[in-house]
Structure formats: structure tokens, C-alpha cells
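# Tertiary structure, described
The residues making up each chain are set out below.
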Amino acid sequence: MLEGINIHKKYGNLEVLKGISLQVQEGEIVSIVGSSGAGKSTLLHILGTLDQADSGQVILDKTELTELPSAELSKVRNEKIGFVFQFHNLMAELTAEENICLPAWIGNKPEREIKNRARELMQLLNIEGRADHLPSEMSGGEQQRVAVARALINHPKYVFADEPSGNLDTKNAAELHELFFKLRDSLGCSFIIVTHNLALAERSDRIIELKDGAIVA
Ligand code: ADP
Ligand code: ADP
């Protein structure tokens, strides 16, 4: 379980998060919604260890992350957390498969194991035919699915996505959302998704609505 307890965050005098508490169960798909500037990205970054709260706690599978030294925090991040952004940020000179494998090459897993995982993910995401393509040779929807596979390569239990379909047309967005549910069902990971897409929010297990740095629904 992922738990945030009374998370506060300020930028200068601006109180961006005003005491947020929430829990996400393993395998749950949670949508975070709210207008621009509500604090959604900031909350996602803090829960996903990319940013630090001023006060409050983030507890991931019974480990209190706010107290961990940075080397141990990196380890937790590499082993348990995946991130998908609005813009895929793929390396232009690497193939789809190389982009997907990149986060695993940082560890010392056997190459065969990494390749097998990459193939499994490419199959689940319907991009197995794109393994040797460069990002420039793929559609926007395919590029984003490569980014999702990259986020999953190290078997994370919690996947954070910040407007993952924000740059996709309606059809590609719907396909991507469909895949989140399929991935959850076959891999068992949780998805915590910041989205403006109402169809996705309504289908998710739970919707958390932020307004001015507080949970209002
Ligand atoms: P949302 O994702 O809901 O649009 P954000 O979490 O991105 O909201 O931002 C919440 C507020 O915090 C906004 O007013 C934004 O301008 C501000 N903010 C976000 N990041 C920073 C930062 N690094 N420095 C200063 N202000 C920031
Ligand atoms: P979103 O599309 O999620 O609302 P933003 O455009 O608010 O994203 O923020 C994009 C990036 O810029 C984030 O890393 C955020 O922390 C940073 N940022 C947002 N607002 C500010 C700000 N007022 N000052 C400095 N950095 C900011």
C-alpha cells in the first residue's frame, strides 16, 4: 500500500498542498483530477519520490520514504516506482526496445531477463512489431506506449502517470487507457494517474479531486 499522510508543500508563499492524506491499494487505479494549478503534479511528484514534501509522510509498503537517505530512496524508486509523463521523453537515437530496456541496464540484471521482460511488455502494449523502430518512425500513440513499457521494465508496483494521454487524440487516448486496465490485470501494479480525461476518471477504481491544494472529493 502507498500512503500519504498530511502532506504539505509550499513554493515561496504559495501553499500548493495543504495537508493531503490518501491511500492507494496494490492493484488499484486511481485518477487525480482538478483544475490547472490545483497541485496535482506536485502531489504526484511527492508520492513518486521525484520531489520532497515540506512536512508529512509518504509510506510505501511500510517503508517511510521521507526519512530514507537518498541512496536508499533511489533504490526504492528503481525497484518499486514507474513514471509516465505527458511527453514521452524517449531517446531519439535509441530504438523502441533500447528505450524500454534503458532503466534496467542501470542495474545488473542478466541481459536475457531484461530482453524477455521487454518482449512481454511490448506484446501487452501491442508494439512488438516496433521493437527496432526509432521514436521518429512511430506514431504518437506508439511512442507513448513505449514510454509506458519503459516505466514498467523494472517490475514497479506503483506507476505514476502525469497527463499520459494529454498529447494524444481521442482514439489513441482511449487505447492507452484500455491498456492501463489490461496491464493492471496482468501485472498487478497500481496506477496513479493525473488526468483531465473524464472517461478515464470515471472508469478508474477511485477519483481524487484536488482544489487549491486540498482534497475536496
Ligand atoms: P496542477 O498539476 O494541478 O496543474 P501543479 O502541482 O503543477 O498543479 O502546480 C500547483 C501550483 O504550484 C501552481 O500554482 C504552480 O504554478 C506552482 N508550482 C508548481 N511547481 C512549482 C515550482 N517548482 N516553483 C514554484 N511554483 C511551482
Ligand atoms: P502541469 O501541466 O502538470 O500543470 P506545469 O506546467 O504546472 O505542469 O509545470 C511543469 C513543470 O514546471 C513542473 O516541473 C513544475 O514543478 C514546474 N513549475 C510549474 N509552475 C512553476 C512556477 N511558477 N515556477 C517554477 N516552476 C514551475
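Residues numbered from 1 in each chain as written. Chains lettered and ligands numbered in written order. Predicted model: local features only at pLDDT ≥ 70, side-chain atom pairs only at ≥ 80, totals over all residues. Heavy atoms only, no water.

## What about the overall build of the protein?
Where we set the bar: A run of H or I in DSSP counts as a helix once it spans at least four residues, and a run of E counts as a strand once it spans at least two, with each numbered from the N terminus. Both definitions apply: the radius of gyration is a C-alpha atom measure, and the globule rule equals 2.2 Å times residues to the power 0.38. Accessibility here uses a 1.4 Å probe with only protein chains present; expressed as a share of the type maximum, an area under 20% marks a residue as buried, one over 50% as exposed, and anything in between as partly exposed. Here, residues are in contact when the closest pair of their heavy atoms is within 4.5 Å.
Regarding its fold elements, the protein presents seven helices and 10 strands. Taken against the 2.2 N^0.38 rule, which gives 17 Å for 217 residues, the C-alpha radius of gyration of the protein at 17 Å falls within 12% of a compact globule. Projected onto its principal axes, the C-alpha coordinates of the protein cover approximately 50 × 40 × 30 Å. Looking at the protein as a whole, 50% of its 217 residues are labelled buried. Within the protein, contacts between residues at least 6 apart in sequence are counted, and of these 72% link residues at least 24 apart.

## Digging into the site of ligand 1
Just so we agree on the cut-off: If even one non-hydrogen atom of a residue comes within 4 Å of a molecule or strand, that residue is called near it. In protein, a polar contact means a hydrogen-donor-capable atom and an acceptor-capable atom, both N or O and within 3.5 Å, with residues adjacent in sequence counting only if both atoms are side-chain atoms; elsewhere, any N or O pair within 3.5 Å suffices. Under the convention used here, a 1.4 Å probe and the Shrake-Rupley method define accessible areas, while residue burial counts only the protein chains that appear. In the scheme used here, Gly and all other residues not listed as nonpolar or charged are polar, with Ala, Val, Leu, Ile, Met, Phe, Trp, Tyr, Cys and Pro taken as nonpolar and Asp, Glu, Lys and Arg as charged.
Close contacts around ligand 1 come from Y11, L14, V16, S35, S36, G37, A38, G39, K40, S41 and T42, and that covers them all. A38 places a polar main-chain atom, nitrogen or oxygen, 3.1 Å from an oxygen atom of ligand 1. T42 has a polar side-chain atom sitting 2.6 Å from an oxygen atom of ligand 1. Calculation on ligand 1 without its partners gives an accessible area of 560 Å², and the protein chains cover 57% of this total. Residue assignment for the shell around ligand 1 shows that the elements contributing at least two residues are β2 (14-24) and α1 (40-47). Among the elements that line the shell around ligand 1, the one with the most residues is α1, at three residues. The class makeup of the residues in the shell around ligand 1 is four nonpolar, six polar and one charged.

## Topic: the sheet that holds strand β4 (residues 55-60)
Rule in force here: Two strands are counted as paired when DSSP detects at least two bridges linking them. For helices, the fitted axis covers only the stretch in contact; all axes are lines through C-alpha atoms, and the angles between them, taken along N-to-C directions, range from 0 to 180 degrees.
Reading across the sheet, the four strands line up as β2-β1-β4-β5 and stay open at both edges, with antiparallel pairing between neighbours. With one partner strand each, in any of the chains shown, β2 and β5 (63-64) form the two edges of the open sheet. The sheet contact formed by strand β1 (residues 2-11) and β4 spans five bridges and is antiparallel. The partner of L2 across the bridge, within β4, is L60. Most of the contacts of α1 go to β1, to which it runs at about 125°, and overall it touches β1, β2 and β4.

## What to know about α1
Where burial is concerned, most of α1 is hidden: six out of the eight residues are buried. Of the positions making up α1, those classed as buried are K40, T42, L43, L44, I46 and L47. Among the residues trailing α1, T49 stands out with phi positive, at a value near 65°.

## Here we look at the sheet that holds strand β9 (residues 206-211)
Judged by pairing direction, the sheet is mixed, and its six strands sit side by side in the order β6-β7-β8-β3-β9-β10 without closing on themselves. The open sheet has two edge strands with one neighbour each: β6 (81-84) and β10 (214-215). Taken together, the five bridges between strand β7 (residues 158-162) and strand β8 (residues 190-194) define a ladder with parallel strand orientation. Paired with V159 across the two strands is F191, which belongs to β8. This element, helix α6 (residues 170-187), spans β3 (29-33) and β8 of the sheet and lies at about 155° to β8.

## Side note on the packing of helix α4 (residues 111-124) against α6
Heads up, the condition is: Under this scheme an angle from 65 to 115 degrees is roughly perpendicular, one under 35 degrees roughly parallel, and one over 145 degrees roughly antiparallel; angles in between are oblique.
Running from N to C, α4 and α6 point in directions that differ by 135°, and their axes come no closer than 10 Å. Classed by the angle they form, the pair α4 and α6 counts as oblique. Here α4 contributes R117, E120, L121, Q123 and L124 to the contact with α6, which in turn contributes L179, K182, L183, S186 and L187. Class assignment for the residues of the contact of α4 with α6 results in five nonpolar, two polar and three charged.

## Details of the UniProt feature "domain: ABC transporter" (unreviewed entry) in the protein
Counted only if it meets this: UniProt positions are given in the numbering used here, feature names are shortened, and annotations may be inferred rather than shown by experiment.
In the numbering adopted here, UniProt assigns the feature "domain: ABC transporter" (unreviewed entry) to residues 2-216. Taken end to end, residues 2-216 is 37% helix and 26% strand, and its two terminal C-alpha atoms sit 20 Å from one another.

## With respect to the packing of helix α5 (residues 140-152) against α6
Under the convention used in this document: Whether a crossing is left-handed or right-handed is set by the direction in which the near helix is turned from the far one by less than a right angle, anticlockwise for left-handed and clockwise for right-handed.
Relative to each other, α5 and α6 sit at 25°, their axes nearing to 10 Å. Classified by the angle between their axes, α5 and α6 sit roughly parallel to one another. You can see that α5 and α6 cross each other, and the crossing is right-handed. Here G141, Q144, R145, V148 and L152 of α5 lie close against α6, whose contacting residues are N172, E175, L176, L179, F180, L183 and L187. For the contact of α5 with α6, a count of residues per class yields seven nonpolar, three polar and two charged.

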